[in-house]
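# Architecture at a glance
Read off the chains here:
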Amino acid sequence: MSLNRARPGRELEHSLRAWALFRQAGDAIGEARALNNASWCPAAETSLRLGEMRLLAGDSTAALDAWKRAAEFYDALGDVKGEAVRQRMAALDRP
């Protein structure tokens, strides 16, 4: 029996704590897994959406940072979408 099943309702708390620790350690794969375990949209999609929001807010630097994380998550998961994210980053980065 997992800890989360022993204490119902604590799944999100545990997943978010794990996410914070993986993020602090610079472990993109761990971050992706923790966010996915939190029953959020996949971590890569979350980072992708965050980048969209940052861009709409006029913060292209934060958008690029979020998209970089999204590409890393996709790469860690073996998803080819990482390349599409990098292409978008390159298009934004051009003068």
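Residues numbered from 1 in each chain as written. Predicted model: local features only at pLDDT ≥ 70, side-chain atom pairs only at ≥ 80, totals over all residues. Heavy atoms only, no water.

### What about helix H6 (residues 81–93)?
Because each turn of an α-helix spans 3.6 residues, side chains separated by three or four positions in sequence point in the same direction. When the terminal C-alpha atoms of H6 are compared, their 18 Å separation across 13 residues agrees well with the 18 Å that a helix rising 1.5 Å per residue should span. Of all the positions in H6, only Gly 82, Val 85 and Met 89 are classed as buried. For H6, the buried positions fall inside an angular range of 60 degrees around the axis, keeping them on one side. In this fold, the buried residues of H6 make contact with helix H4 (43–56) and helix H5 (60–76). (Helix = DSSP H or I, 4+ residues; strand = E, 2+ residues; numbered from the N terminus. Expected span 1.5 Å × (residues − 1). Buried < 20%, exposed > 50% of the residue type's maximum accessible area, 1.4 Å probe, protein only. Arc of directions from axis to C-beta. Contact = heavy atoms within 4.5 Å.)

### Details of H5
With 17 residues, H5 extends 24 Å from end C-alpha to end C-alpha; this agrees with the ideal 24 Å at 1.5 Å per step. Immediately downstream of H5, the backbone of Gly 78 shows phi near 75 degrees, a positive value.

### Considerations on the packing of H4 against H6
Taken N-terminus to C-terminus, the directions of H4 and H6 make an angle of 15 degrees; their axes are 12 Å apart at the nearest point. If you check the angle between H4 and H6, you find them roughly parallel. Note on packing geometry: the crossing formed by H4 with H6 is left-handed. Contacts between H4 and H6 involve Glu 45, Leu 48, Glu 52 and Leu 55 on the former and, on the latter, Lys 81, Val 85, Arg 88 and Leu 92. For the contact of H4 with H6, the class distribution of residues is four nonpolar, no polar and four charged. (Axes fitted to C-alpha atoms, helices over the stretch in contact; angles between N-to-C directions. Parallel < 35°, antiparallel > 145°, perpendicular 65-115°, else oblique. Left-handed = near helix turned anticlockwise from the far one by under 90°. Nonpolar A, V, L, I, M, F, W, Y, C, P; charged D, E, K, R; others polar.)

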